[in-house]
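Architecture at a glance
In case you want the letters, here they are:
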Amino acid sequence: MPELPEVETIRRQLSAELSGKTIKNVEVRLAKMIKGQVFRFKKKITGAGITSVSRRAKILIFSLSNGYAILVHLKMTGQLVYTKQGKIKTGGHPIKDGHKDLPNKFTHVIFKLNGRATLFFNDIRQFGYLMLVKAGELDGHFSRMRIGPEPLKSDFTLGAFTKLLLKKKKSKIKPLLMDQSFIAGVGNIYATEACYYSKIRPTRRVGSLKKDEISKLYLHLIKILKFAIKKQGTSAKNYIDAFGEPGEYAPLLKIYGRQGEPCLHCNTTVKSLLLGGRGTAYCPKCQV
DNA sequence: TTCAATGTTTAGAC
DNA sequence: GGTCTAAACATTGA
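Residues numbered from 1 in each chain as written. Chains lettered and ligands numbered in written order. Predicted model: local features only at pLDDT ≥ 70, side-chain atom pairs only at ≥ 80, totals over all residues. Heavy atoms only, no water.

**As for the overall build of chain A**
The number of helices and strands found in chain A is seven helices and 12 strands. In terms of overall size, chain A behaves like a compact globule, its C-alpha atoms giving a radius of gyration of 20 Å where 288 residues would be expected to give roughly 19 Å. Projected onto its principal axes, the C-alpha coordinates of chain A cover approximately 55 × 40 × 30 Å. Contacts in chain A between residues far apart in sequence, at least 24 positions, make up 64% of those at least 6 positions apart. Accessible area of chain A: about 13400 Å², with a carbon and sulfur share of 52%. Considering chain A, the positive charge centre built from 52 side chains and the negative charge centre built from 20 side chains are found 5 Å apart. (Helix = DSSP H or I, 4+ residues; strand = E, 2+ residues; numbered from the N terminus. Rg over C-alpha atoms; globule rule 2.2 N^0.38 Å. Contact = heavy atoms within 4.5 Å. Areas by Shrake-Rupley, 256 points an atom, 1.4 Å probe, with all protein chains shown as cover. Lys, Arg positive; Asp, Glu negative; His and termini not counted. Charge placed at Lys NZ, Arg CZ, Asp CG, Glu CD.)

Okay, here's the thing in structure tokens:
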């Protein structure tokens, strides 16, 4: 479900709660959600402390005190729910009433932590996974996965972006933005939005992009990602005990999911097409 | 009933 | 090797 801004939002919220906690017990209710052997997964993390929560692309990394790390990928419909004596924090796919009566039928893994805290890993479509990796092997793991650069790191400059694009001249720009080996963390929502802001037709070949179009794309992509994090993502935020609010970026989407509605800039009816199997909304007049 | 859904991987075609 | 498409994973909700 979540893209970079949503995963980053979850990371920030969970980091404050999980850092310093000890994993007392792990219950795996659906073995296929664990990549690798379940007994090893349970054995290695039971009793370990969580030292920090970080992120690479759309993957969360729980670093443990014993030299291991747990990778968490929520894919389309994964959800993490943290509870501690009535206090609830959820992050991930919004599931109707999914936070009530936990564990529920979508709860696949349960971490019991000290201080009467619990972390639930829920996933409707069961696409997500948890995986145990040695801390020292994280870099190797990510490079084997061929994950591209982090768009919000300072070394991801316009020059670096341009250089990467030059290697992919024949690709269509929007599917390329979503290609995790090209840039890490950008999914369908923000790739669609970035093309709209940059006035670029999602089907454009990279080789046809002019210099100023590339810099527009670069600037808008980064701006959108940062702003979405500030707004706690499109759906990640969910303090259901307090307010029950969704992510605050959802109402700010300019083009994603608006097919059939008027373009906010020129009133032309927003169209959509299928690119790489994903629905892609665009304005036929604004996006050339 | 049919379709699409915030993700990724794989197989096959050109 | 590059690039594209469809299909697969499983479930919900419009």
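**Structural notes on the pairing of strand β12 (residues 278-282)**
Inspection of the sheet shows strand β11 (residues 271-275) paired to β12 by five bridges, in the antiparallel sense. Each bridged residue has a counterpart across the sheet, and for K271 the counterpart in β12 is Y282. Connecting the antiparallel pair β11 and β12 is a turn made up of two residues, with G276 showing a positive phi of about 60 degrees. (Pairing = 2+ DSSP bridges.)

**Topic: the protein's contact with DNA strand C**
In the vicinity of DNA strand C, 14 residues are found, and the nearest of them are K32, K105, I124, R125 and R205. Protein-proximal atoms of DNA strand C, defined as those within 4 Å of the protein, fall in sugar or phosphate at a share of 67%. One of the side-chain nitrogen or oxygen atoms of R125 is found 2.7 Å away from a base nitrogen of DNA strand C. Within the contact set of DNA strand C, a phosphate oxygen lies 3.5 Å away from a side-chain nitrogen or oxygen of K168. Its residues placed into classes, the surface near DNA strand C shows three nonpolar, three polar and eight charged. (Near = heavy atom within 4 Å. Polar contact = N/O pair within 3.5 Å; in protein donor to acceptor, adjacent residues only side chain to side chain. Nonpolar A, V, L, I, M, F, W, Y, C, P; charged D, E, K, R; others polar.)

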